[in-house]
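What the coordinates show
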Amino acid sequence: MPARSNILQRLVLEVHKDLGPDWTVAESRLLRDARTGEDREVDVVAESSIGGYSIMLGIEVRDRSRPADVTWVESMAQKHADLPTNKLILWSANGFTDAARRKAEALKAVAVDPVESTAVPWSSFARNLVGGFIKLVHVQFDTVIDVTLADGAGARWQAGRETILTDEVGTRAATVGAILDQVTPHLRTAVLDHAKNGAGDFHAVFTPPLPCCVVGPTGETGGVRRVIFSMATQTDTAALDTRSVLWNDAVTSIAEAQFEKGEVRVVARETANAPAEISAVQLPRPERSKGRP
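1. As for the sheet that holds strand E16 (residues 274-284)
- Overall, antiparallel pairing links the four strands, which are arranged E13-E14-E15-E16 in an open sheet. Edge positions in the open sheet fall to strand E13 (241-247) and E16, since each of these has one partner strand only. For this sheet, the mean angle separating the axes of adjacent strands, direction not counted, is 15°.
- Where E13 meets strand E14 (residues 250-259), seven bridges bridge the pair, whose relative direction is antiparallel. Residue pairing across strands places leucine 246 opposite valine 251, the latter belonging to E14.

2. Considerations on unusual backbone geometry
- Of note, the phi angle at serine 28 is positive, near 50°, even though the residue is not glycine.
- Along the chain, serine 28 turns up in strand E1 (residues 24-32).
- Phi at asparagine 248 takes a positive value of approximately 55°, unusual for a residue other than glycine.
- Along the chain, asparagine 248 falls in the loop between E13 and E14.
- Asparagine 248 gets classed as exposed once you look at its relative accessible area, which sits at 62%.

3. Focus on the sheet that holds strand E3 (residues 53-62)
- What the five strands build is an open sheet, ordered E1-E2-E3-E4-E5; its pairing is mixed. Bordering the open sheet on either side are E1 and strand E5 (110-112), each of which pairs with just one other strand. The mean angle between the axes of side-by-side strands here comes to 35°, regardless of whether they run parallel or antiparallel.
- Here E3 runs beside strand E4 (residues 87-92); their pairing, made up of six bridges, is parallel.

4. Quick notes on the packing of aromatic side chains
- Applying the stated rule across the entire model yields two aromatic pairs.
- Taken together, a centroid distance of 5.2 Å and an interplanar angle of 55° make the contact between tryptophan 91 and tryptophan 247 tilted. Residue tryptophan 91 is found in strand E4, and its partner tryptophan 247 is found in strand E13; the two are separated by 156 residues along the sequence.

5. Focus on helix H2 (residues 70-81)
- For H2, built from twelve residues, the straight-helix expectation of 16 Å at 1.5 Å per residue is met to within 8% by its first-to-last C-alpha distance of 16 Å.
- For H2, every residue scored as buried is listed here: Trp72, Val73, Met76, Ala77, Lys79 and His80. Buried residues of H2, viewed axially, fall in a sector of 160°; they line one side. In this structure, H2 carries Thr71, Gln78 and Ala81 as exposed residues pointing more than 90 degrees from its buried face.
- Where the residues of H2 are buried, they touch strand E2 (39-50), E3, E4 and helix H3 (98-106).

6. What about the nonpolar core?
- Judged by nonpolar contacts, the single largest core of 20 residues is most densely connected at Ile145, Val147, Leu165, Val224 and Phe229.
- At five residues, the largest contribution of residues to this core is made by helix H5 (residues 176-194).
- With near-sequence residues (within four places) excluded, phenylalanine 229 lies in contact with Asp142, Thr143, Val176, Ile179, Leu180, Val183, Phe202, His203, Ala204 and Phe206.
- Counting 18 residues, the second largest nonpolar core, distinct from the first, contains Leu11, Leu13, Trp91 and Ile254.

7. So, the packing of H2 against H3
- Packing of H2 against H3 brings their axes to within 8 Å, and their N-to-C directions diverge by 20°. In terms of orientation, H2 lies roughly parallel with respect to H3. The two elements H2 and H3 meet at a crossing, and its hand is right-handed. Packed against H2, whose contacting residues are Val70, Val73 and Glu74, the element H3 presents Ala99, Ala100, Lys103 and Ala104 at the interface.

8. Considerations on the pairing of strand E12 (residues 221-239)
- As paired elements, strand E6 (residues 133-148) and E12 share 16 bridges and run antiparallel to each other. Directly across from lysine 135, in E12, lies its bridge partner threonine 237.
- Of the pairings in the sheet, the one linking strand E11 (residues 213-215) to E12 comprises three bridges and is antiparallel in character. Each bridged residue has a counterpart across the sheet, and for valine 214 the counterpart in E12 is glycine 222.
- Linking E11 to E12, which pair antiparallel, is a turn of five residues; within it glycine 219 sits at a positive phi near 95°.

9. Some details on the confidence of the model for the protein chain
- Looking at the protein chain, pLDDT values average 91 and 96% of them are 70 or higher.
- Counting interchain partners and residues more than four positions distant, the pLDDT-below-50 stretch residues 289-293 has one contact.

10. Points about the environment of glutamate 41
- Structurally, glutamate 41 is set in strand E2.
- Under the relative-accessibility criterion, glutamate 41 is labelled buried at 13%.

Definitions and cut-offs
- Residues numbered from 1 in each chain as written.
- Predicted model: local features only at pLDDT ≥ 70, side-chain atom pairs only at ≥ 80, totals over all residues.
- Heavy atoms only, no water.
- Pairing = 2+ DSSP bridges.
- Helix = DSSP H or I, 4+ residues; strand = E, 2+ residues; numbered from the N terminus.
- Axes fitted to C-alpha atoms, helices over the stretch in contact; angles between N-to-C directions.
- Buried < 20%, exposed > 50% of the residue type's maximum accessible area, 1.4 Å probe, protein only.
- Phe/Tyr/Trp six-rings, centres within 6.5 Å; stacked < 30°, edge-to-face > 60°.
- Expected span 1.5 Å × (residues − 1).
- Arc of directions from axis to C-beta.
- Contact = heavy atoms within 4.5 Å.
- Core = buried A, V, L, I, M, F, W, Y, C linked by side-chain atoms within 4.5 Å.
- Parallel < 35°, antiparallel > 145°, perpendicular 65-115°, else oblique.
- Left-handed = near helix turned anticlockwise from the far one by under 90°.
- pLDDT = per-residue confidence, 0-100.

Written out as C-alpha cells, the structure reads:
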C-alpha cells in the first residue's frame with residue numbers, strides 16, 4: 001500500500017525537522033502494533049535519544065474543514081496505545097472541539113491548532129506564496145561555433161561542452177562548457193522572463209574578447225568569430241497549493257505545484273530577525289501501480 005500524505009502532513013514534517021540535529025524525523029513511517037504484530041502508518045515520527053533514553057514522538061495530522069472531534073482523538077489514542085511511541089501529538093487544520101480538546105488533555109495527548117502566518121508582519125515570503133504560481137522551463141542546449149578558415153572562408157562547426165578554444169599560439173583558453181557555465185545565470189533570467197507556455201527557441205551569442213582558435217571535426221583550425229548557444233525550451237505554468245504555520249517563533253511554509261511529469265515543492269522558513277531560508281526540489285510523478293486506471 002502506498003504511503004498516505006497531504007500538504008499539511010508535509011508541512012508538519014518540515015516544522016519538526018527544526019527539532020535539532022539529534023532528531024530523526026520521517027513521514028508516513030510504519031510502526032509495529034504490539035497486539036496484532038501488523039505495521040501501522042504514523043503520519044510523522046520524530047525520534048531521538050536524551051540522556052541515554054530513546055524518545056519517540058508520534059504525530060498525527062488531520063486536514064479537514066471542520067474541527068477534530070472526540071472520536072478522532074480517541075481513535076488516535078487507541079492506535080498509539082499499542083505502538084512504541086512515547087508521546088502523541090495531534091495536529092488539526094481547523095482546531096478541535098472543546099470536548100475533543102478536553103479528551104486529548106485527559107489522554108495525555110498534545111492538541112495543536114496550527115496558527116496561520118499571514119498576520120505575522122515579517123512573514124512576507126509566506127504571504128507572497130498565496131495565489132502564486134511556478135513557471136517551469138526545461139532547456140535543451142545546442143552549440144555551434146562560427147569560424148574563419150585560413151583561406152578566409154567561413155564555416156559553422158558543431159561544438160560540445162568539451163570543445164577547447166585556444167589562443168593564437170595554441171595555449172588552452174577555455175572550453176565551451178566553461179563559457180556556458182559563466183553566462184548561464186544571465187541566460188536563465190532572460191529565458192524565465194520571456195519564455196511562454198509550450199515550445200520555444202532562444203539564442204545567445206558569445207563573441208570572444210580576444211582572438212582565439214578551435215579545431216574542427218576534420219582537424220582543420222579556424223579562427224573563432226562567435227559561439228552560438230541555441231536553447232530549445234518547453235515551458236509549463238502551474239498554480240501553487242500553499243500552507244504556512246507559525247510555530248516556535250518561526251514561520252514555515254510549503255508550496256507545491258503539480259505538472260504533467262512531476263511536482264515542484266518549495267519550503268521556506270522565516271524568522272523575525274533573519275533572511276528567509278528557502279529550498280526547492282523537483283520530484284518525479286510516482287508511477288501508478290499495475291492494474292490501476
